[in-house]
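Letter by letter, the chains look like this.
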Amino acid sequence: YILTSQGTFVRLFDSNGASLWDQTFSGSVTDISITPDGLMIAAGSGTDVKSWYNSGAGLGSNTTDRIKHLIISPTKDQIVVTTGNALRSFNLSYVPFWTDDVVSPDLVEISADGTHIVTASGNWIWFHHGSGNRIWEKHILGGSILSLAFSRDGSIIVVGQDDNTITVLDSNSNVLWTTHAGNWVTSVGVSDNGSVTVAGSMDKNLYVFDKKGTLLGTFQASGVFKSRSVGISGDG
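Quick summary incoming for the structure in this document. (Residues numbered from 1 in each chain as written. Predicted model: local features only at pLDDT ≥ 70, side-chain atom pairs only at ≥ 80, totals over all residues. Heavy atoms only, no water.)

Once that is clear, we can look at a nonpolar patch on the surface. A cluster of nonpolar side chains, namely W184, M202 and V224, defines an oily patch on the protein surface of about 250 Å² accessible area. Note on placement: M202 falls in the loop between strand 21 (196-201) and strand 22 (205-210). (Patch = residues over 30% accessible without salt bridge, like charges linked within 9 Å, V, L, I, M, F, W, Y side chains within 5 Å. Areas by Shrake-Rupley, 256 points an atom, 1.4 Å probe, with all protein chains shown as cover. Salt bridge = Lys/Arg side-chain N within 4 Å of Asp/Glu carboxyl O. Helix = DSSP H or I, 4+ residues; strand = E, 2+ residues; numbered from the N terminus.)

What follows is the structure, given as structure tokens:
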């Protein structure tokens, strides 16, 4: 399946590009998420959140504070939403599950087993257990965080910042290495076990690093790398 949004629409396609269905919101769609098996879909717009099966049948809907990002846990037990005022969790029908209103996150990622959640905003990174317990929080040096990636095995966190810095941490909040691009780092990705990290920058370069931060290579694109525009295969 391929899940997309455009304006007020959420659209699901099959792998051949055939359109399966459209769903609509009253306002522009803020974020979308699909489970790895393609069975369940979630989306948010303004303060509205909705979820569906891949058949198009509705799972649930609700309202919350204004949404920044959302993601369905790969284990299909919860949908995590960042609102800027709190980190909120709902079940798949959008019944409230738990809330941490001490943090004020923006970006969000979840490990493949659903046991850990990483969020980030400004110069802060927060690390939560899937049950909602906050394990640690860390203020990192440099510019504000523009991009976030979390390896599927939960071992590596990658952030790109607006002072051109790429920072890589482990799951215990230790900074493993840092390096710099030629401009803002707008998009990052990491392989399933954290062995390969990629970063796209407004300097039009894609950077590829190994687990120790050694530069493996670069690729120059014809334009700047936009937000959430870089991905990497699971095996790197």
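In this section: the sheet that holds strand 6 (residues 48-53). In space, the four strands of this open sheet follow the order 4-5-6-7, with antiparallel pairing throughout. Only two strands of the sheet have a single neighbouring strand rather than two, namely strand 4 (31-34) and strand 7 (58-63). Geometrically, the sheet is characterised by an average inter-axis angle of 10° between neighbouring strands, direction not taken into account. As paired strands, strand 5 (residues 40-45) and strand 6 are joined by six bridges and run antiparallel to one another. Looking at strand 6, one finds that G44 is bridged to V49. (Pairing = 2+ DSSP bridges. Axes fitted to C-alpha atoms, helices over the stretch in contact; angles between N-to-C directions.)

With that settled, consider the pairing of strand 22. Looking at chain direction, strand 21 and strand 22 are connected through five bridges and run antiparallel. Bridging from a neighbouring strand, T197 pairs with F209 of strand 22. As consecutive antiparallel partners, strand 21 and strand 22 are separated by three residues, and within that stretch K204 has a phi angle of approximately 75°, a positive value. Where strand 22 lies against strand 23 (residues 215-220), five bridges are found, and the strand directions are antiparallel. Its bridge partner being in strand 23, N205 is matched across the sheet by Q220. Between the antiparallel neighbours strand 22 and strand 23 lie four residues, among them G213 with a positive phi of about 90°.

What follows covers the environment of T167. Mapping T167 onto the fold places it in strand 18 (residues 165-170). Judged by its relative accessible area of 4%, T167 falls in the buried class. T167 sits ten residues away from W177 along the chain, and the two C-alpha atoms are 6.2 Å apart. Contacts of T167, omitting those with residues within four sequence positions, involve I157, V158, V159, Q161, V175, W177 and T178. (Buried < 20%, exposed > 50% of the residue type's maximum accessible area, 1.4 Å probe, protein only. Contact = heavy atoms within 4.5 Å.)

Before going further, it helps to spend a moment on the side chain of H128. Structurally, the position occupied by H128 is in strand 14 (residues 124-129). A relative accessible area of 0% means that H128 is categorised as buried. Contacts of H128, omitting those with residues within four sequence positions, involve L87, D100, V103, T115, H116, I117, N133, R134 and I135.

This paragraph deals with the side chain of S33. If you trace the backbone, S33 turns up in strand 4. At a separation of 3.0 Å, a polar atom in the side chain of S33 contacts the main-chain amide nitrogen of I72. The contact partners of S33, leaving out residues within four places of it in the chain, are L3, M40, I41, A42, L70, I71 and I72. (Polar contact = N/O pair within 3.5 Å; in protein donor to acceptor, adjacent residues only side chain to side chain.)

Moving on, we get to the pattern of salt bridges. Within this structure, the stated rule accounts for seven salt bridges. Put simply, R134 and D100 hold a salt bridge, and the shortest N to O gap is 2.7 Å. Remark: D100 occurs in strand 11 (residues 96-100) and R134 occurs in strand 15 (residues 134-139); sequence separation between them is 34 residues. Assessed through its relative accessible area of 34%, R134 is described here as partly exposed. Among the salt bridges present, the one from R134 reaches E137, with a minimum N-O distance of 3.4 Å. Taking the relative accessible area as the measure of exposure, E137 reaches 41% and is therefore partly exposed.

Our next topic: the sheet that holds strand 22. Sheet architecture is open: four strands sit in the order 20-21-22-23, paired in antiparallel fashion. At either end of the open sheet lies a strand with only one pairing partner, and these are strand 20 (185-190) and strand 23. Neighbour-to-neighbour, the strand axes of the sheet open up by a mean angle of 15°, direction not taken into account.

Right, let's talk about the packing of aromatic side chains for a bit. Pairs of aromatic rings are described using the distance from one ring centre to the other and the angle between the two planes. Throughout the structure, instances matching the rule amount to eight aromatic pairs. Taking 5.3 Å as the distance between ring centres and 50° as the angle between the ring planes, the aromatic pair formed by W177 and F209 counts as tilted. Of this pair, W177 sits in strand 19 (residues 175-180) while F209 sits in strand 22, and the two are 32 residues apart along the sequence. F209 matches W177 in its accessibility class, with the two residues each being buried. Grouped by ring-pair contacts, the aromatic residues W21, F25 and W52 constitute a single cluster. (Phe/Tyr/Trp six-rings, centres within 6.5 Å; stacked < 30°, edge-to-face > 60°.)

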